[in-house]
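In case you want the letters, here they are:
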Amino acid sequence: MEAKTPSESRTTMTDLVLPSETNPLNNLFGGELLARMDRAASITARRHSRKVAVTASVNHVAFNRAIPLGSVVTVEASISRAFKTSMEIFIDVWTEDRFSGERTKANEAIYTFVAVDDIGIPTEVPPVAPETELEQLRFEAALRRKQLSLVLAGKMKPNDATELKALFND
């Protein structure tokens, strides 16, 4: 299976924050943002695998800045690494000042998707070939995150988590 670059699968979704999507402080509901991120990640996983892709986990979400009513919000999702049947998707959320056009990073998240066939059985996905320095950093960190997740779930022995051990044995 031929490797794909993250840019081949990248998804960018831009939308406004409407009154029905806000909390009593007139900021975007966290759940609404999670749904937007899940949709962008799903499209990215589908583009990469060319298969149906389902959310396996939400590994990390950071709500660093509130997103006020009327804001222009851009969700950028790109694949950071593919494993046998799973794909890690890194998501950056940006807000845009309506007057200056200046973009500010508001939030980020990391989702894991699994590609499945027509009856829901996990199926192999193409590898990722990172191109930029940021893509390479995210690619390398994805293996550490996966190993940590497996160790915490009891599916991998800590001594087998070579990437994690390398962080501490230097």
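See the structure above.
Below you will find a few notes about this structure. (Residues numbered from 1 in each chain as written. Predicted model: local features only at pLDDT ≥ 70, side-chain atom pairs only at ≥ 80, totals over all residues. Heavy atoms only, no water.)

**A look at the sheet that holds strand S3 (residues 72-82)**
Phase 1 of the analysis: Across the sheet, five strands lie side by side as S1-S3-S4-S5-S2; this open sheet has antiparallel pairing. In this open sheet, the two strands that pair with only one neighbour each are strand S1 (11-16) and strand S2 (52-63). The average undirected angle you get between the axes of adjacent strands in this sheet is 25°.
Phase 2 of the analysis: Pairing of S3 with strand S4 (residues 86-96), which is carried by 10 bridges, proceeds in the antiparallel orientation. In the strand pairing of S4, Val72 is matched with Glu96.
Phase 3 of the analysis: This element, helix H3 (residues 133-152), spans S3, S4 and strand S5 (103-116) of the sheet and lies at about 70° to S3. (Pairing = 2+ DSSP bridges. Helix = DSSP H or I, 4+ residues; strand = E, 2+ residues; numbered from the N terminus. Axes fitted to C-alpha atoms, helices over the stretch in contact; angles between N-to-C directions. Contact = heavy atoms within 4.5 Å.)

**Some details on a nonpolar patch on the surface**
Phase 1 of the analysis: Together, Leu34, Val58 and Phe63 make up a nonpolar patch on the protein surface, roughly 250 Å² of accessible area in all.
Phase 2 of the analysis: Mapped onto the fold, Val58 is located in strand S2.
Phase 3 of the analysis: Residue Val58 is classed as partly exposed on the basis of its relative accessible area of 44%. (Patch = residues over 30% accessible without salt bridge, like charges linked within 9 Å, V, L, I, M, F, W, Y side chains within 5 Å. Areas by Shrake-Rupley, 256 points an atom, 1.4 Å probe, with all protein chains shown as cover. Salt bridge = Lys/Arg side-chain N within 4 Å of Asp/Glu carboxyl O. Buried < 20%, exposed > 50% of the residue type's maximum accessible area, 1.4 Å probe, protein only.)

**Considering the environment of Phe168**
Phase 1 of the analysis: Here Phe168 is to be found in helix H4 (residues 162-168).
Phase 2 of the analysis: Here the alpha-carbon distance between Phe168 and Ala106, two residues 62 residues apart in the chain, equals 31 Å.

**Regarding the side chain of Ser49**
Phase 1 of the analysis: Relative to the helices and strands, Ser49 is located in helix H2 (residues 30-49).
Phase 2 of the analysis: Engagement of the side chain of Ser49 in a polar contact is seen with the backbone oxygen of Ala45, the distance being 2.9 Å.
Phase 3 of the analysis: At 3.1 Å, the side chain of Ser49 forms a polar contact with the backbone nitrogen of Lys51.
Phase 4 of the analysis: Contacts of Ser49, omitting those with residues within four sequence positions, involve Met87, Ala115, Val125 and Pro126. (Polar contact = N/O pair within 3.5 Å; in protein donor to acceptor, adjacent residues only side chain to side chain.)

**What about the nonpolar core?**
Phase 1 of the analysis: Counting 26 residues, the largest nonpolar core has Met37, Ile67, Met87, Ile89, Ile91, Val93 and Phe113 as the members making the most contacts within it.
Phase 2 of the analysis: Of all the elements in the fold, those that place two or more residues in this core are H2, S3, S4 and S5. (Core = buried A, V, L, I, M, F, W, Y, C linked by side-chain atoms within 4.5 Å.)

**Focus on the pairing of S4**
The side chains of a regular strand alternate between the sheet's two faces.
Phase 1 of the analysis: In terms of residue burial, S4 counts as a mostly covered element, since nine of its 11 residues are buried.
Phase 2 of the analysis: Hairpin connection of S3 to S4: three residues between the antiparallel strands.
Phase 3 of the analysis: Between S4 and the antiparallel strand that follows it, S5, lie six residues; Gly101 among them carries a positive phi value of about 85°.

**Comments concerning the pattern of salt bridges**
Phase 1 of the analysis: Enumeration over the complete set of coordinates arrives at eight salt bridges.
Phase 2 of the analysis: Between Glu21 and Arg36 there is a salt bridge; the shortest N-O distance is 2.8 Å. Within this pair, whereas Glu21 is found in the loop between S1 and H2, its partner Arg36 is found in helix H2, the two being separated by 15 residues in sequence. Comparing Glu21 with Arg36, the two get one shared label, buried.
Phase 3 of the analysis: One salt bridge connects Glu32 with Arg36, and the closest N-O pair in it is separated by 3.1 Å. Placement of both Glu32 and Arg36 in helix H2 is noted, with a separation of four residues, approximately one turn of the helix.
Phase 4 of the analysis: Through salt bridges with shared partners, a single ionic network connects Asp92, Lys105, Glu108 and Arg138.

**A short note on the packing of aromatic side chains**
Phase 1 of the analysis: Summed over all chains, the structure comprises one aromatic pair.
Phase 2 of the analysis: Ring centres of Tyr111 and Phe113 lie 6.4 Å apart, and the angle between their planes is 15°; on these two criteria the pair is classed as stacked. Each of the two residues, Tyr111 as well as Phe113, counts as buried.
Phase 3 of the analysis: Above the ring of Phe83, the side-chain terminus of Lys146 is found at 4.3 Å from the ring centroid. (Phe/Tyr/Trp six-rings, centres within 6.5 Å; stacked < 30°, edge-to-face > 60°. Lys NZ or Arg CZ within 6 Å of the ring centre and 35° of its normal.)

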